[in-house]
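Fold and geometry: a report
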Amino acid sequence: MKVYAGLAGIPVVKSSISYIDGQKGILEYRGIPIYELVQNSNFLEVSYLLVFGKLPKQTEYDQFLCDVKNNLNVDSSIINFLKDIPKDTHPMKVLQSIIPILSAFDENKDVLDEKHHYSALVRLLGQTPTVLAAWKRISEGKEIVEPDFRLSYGENFLYMLRGEKPEKAEGEIFDKCLILHAEHTINASTFTAIVVVSTLADFYSCVSSAVGSLSGRLHGGANERVYHMLSHIEKIEDIPKIIDEKLSRKERIMGFGHRVYKTYDPRALIIKELLEKLIKIKGDNIPLYQKAKEFEKVALERLKEKKIYPNIDFYSGVLYSLLGIPPEFYTPVFAMARISGWIAHCKEYLKENKLFRPTQIYDGGHNIHYIPPEKRE
Ligand SMILES: CC(=O)SCCNC(=O)CCNC(=O)[C@H](O)C(C)(C)COP(=O)(O)OP(=O)(O)OC[C@H]1O[C@@H](n2cnc3c(N)ncnc32)[C@H](O)[C@@H]1OP(=O)(O)O
Ligand SMILES: O=C([O-])CC(=O)C(=O)O
């Protein structure tokens, strides 16, 4: 018997939700190239596509949008809870703990019932941005901003977070980032979600567990670290030395490398384009972007031979910083977008559910006897 470390290259499901060609740098959602979706669609339409397997007709989209918007408000008990917890709690921890509580307000509790799938989806899509924005405001000692139903999904989040209406282009660019983050086959957090659903736990438990998994720095947590790594650089000229020192200490370069992509992550290329578009709107002297570009160039020179390229987390934080989103909210934004991917996989997995229960190769001892504390050496 052999152990497959990190299950690398081992299929654990059959899925029709998304497809990656890691050699060519291709990503498709339900067969549609990611670039085409970013150009033509919006985050909620893509969420529908991922979960229901097809693009919605106009009436279906209108109903879905209405159901998500009807769930934007969170119960006052949730807001009171947020007011009581330590103000320096990381928003990923807040999210991970609030999500299971949201289930208390959902009357559709049976995970095997399609009604649960739909109500958890629209409730989580609606309330996650509201909880995150409320937490940002509360942790800064500010008044929370109520959702504005007339705004688009992305605009409304930026509005609740910042307390002022974003420009239309900012909302559109942000919405496209959400599309990029929405789904990515069996990554660690999606795997977490389907392991949890395989026990027939409800979708709130699945999503909450997936949030915990996403928070780690080898996964979604990398985007916040990239921001800190870049902002600590004082002079652009220092970048080669900084990178060489990191590599000689065998440190991972955050925002670089991927288990599946052995070329550019296509999302990294698109997010860089979106960032350049945003920079044109904001004015062109953005020091963090200059540092990021130089860092990318030098790190690529050092790592390309090992087929280590920038991933989606490399430029996302730079873009979010320009939208006025604080660094500790970069991974939560990723989580907010990944809800549709996680739920799509949970729903798909349940169709032929099999409890995840892998095995191990035991390499401990046998017949070892208990020693009382006073005799232990
Ligand atoms: C949304 C996402 O989750 S995208 C990923 C976000 N995570 C990051 O950006 C964190 C930095 N990246 C990494 O740590 C890795 O690339 C991972 C965890 C994403 C994928 O790693 P794995 O597929 O497990 O590759 P593994 O850890 O086996 O590394 C293979 C080799 O590449 C090196 N390597 C991989 N990534 C990096 C990196 N970012 N910086 C430097 N070296 C790296 C490893 O040191 C190893 O080298 P070695 O063979 O000489 O020992
Ligand atoms: O696919 C992965 O392993 C990680 C990733 O890029 C994602 O989840 O978006």
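Refer to the structure presented above.
Residues numbered from 1 in each chain as written. Chains lettered and ligands numbered in written order. Predicted model: local features only at pLDDT ≥ 70, side-chain atom pairs only at ≥ 80, totals over all residues. Heavy atoms only, no water.

1. Concerning the packing of helix α6 (residues 114–139) against helix α7 (residues 153–162)
Selection rule: Axes here refer to lines fitted to C-alpha atoms; in helices the fit is confined to the stretch in contact. Angles between the N-to-C directions go from 0 to 180 degrees. Runs of E in the DSSP output that reach at least two residues are strands. Runs of H or I that reach at least four are helices, and both are numbered from the N terminus. Any angle from 65 to 115 degrees is called roughly perpendicular, while one under 35 is roughly parallel, one over 145 is roughly antiparallel, and all others are oblique. The sense of a crossing depends on the near helix, which, turned anticlockwise from the far helix by less than a right angle, makes the crossing left-handed and, turned clockwise, makes it right-handed. Residues are treated as being in contact if the distance between any of their heavy atoms lies within 4.5 Å. Under the grouping applied here, Gly and all other residues not named as nonpolar or charged are polar, the nonpolar ones being Ala, Val, Leu, Ile, Met, Phe, Trp, Tyr, Cys and Pro and the charged ones Asp, Glu, Lys and Arg.
Orientation of α6 relative to α7, taken along the N-to-C sense of each, is 20°, at an axis distance of 8 Å. On the basis of their axis angle, the class for α6 and α7 is roughly parallel. In this structure, α6 crosses over α7, and the sense of that crossing is right-handed. For the pair α6 and α7, the contacting residues are Leu-125, Pro-129, Thr-130, Leu-132, Ala-133, Lys-136 and Arg-137 in the first and Tyr-153, Phe-157, Met-160, Leu-161 and Arg-162 in the second. Of the residues assigned to the contact of α6 with α7, the class counts are eight nonpolar, one polar and three charged.

2. Some thoughts on the environment of Glu-348
For Glu-348, the position within the fold is in helix α16 (residues 330–351). On a C-alpha basis, the gap between Glu-348 and Ser-16 in space is 8.7 Å, while along the polypeptide they are 332 residues apart. Sequence-distant contacts of Glu-348, that is, excluding residues within four places in its chain, are made with Lys-14, Ser-15, Ser-16 and Ile-17.

3. Describing the packing of aromatic side chains
Here is the rule: Aromatic pairing here means that ring centres of Phe, Tyr or Trp (its six-membered ring) are within 6.5 Å. Orientation follows from the plane angle: under 30 degrees is stacked, over 60 is edge-to-face, and everything else is tilted. For every residue, the accessible area (1.4 Å probe, protein chains only) is compared with the maximum for its type, and the residue is labelled buried under 20%, exposed over 50%, or partly exposed between those bounds.
All chains considered together, the criterion is met by 17 aromatic pairs. Between Tyr-48 and Phe-52, the aromatic rings sit 4.6 Å apart at their centres with planes inclined by 45°, giving tilted as the arrangement. Here Tyr-48 and its partner Phe-52 are both found in helix α2 (residues 43–52), four residues apart, which amounts to about one turn of the helix. On the accessibility criterion, Phe-52 (31% relative accessible area) is partly exposed. Measuring from centroid to centroid gives 5.5 Å for Tyr-48 and Phe-64, while their planes differ by 75°, and the two rings are edge-to-face. A residue pair is termed long-range when its members are at least 10 positions apart, and Tyr-48 in helix α2 and Phe-64 in helix α3 (residues 58–69) qualify at 16 residues. Residue Tyr-48 shares its accessibility class with Phe-64, and that shared class is buried.

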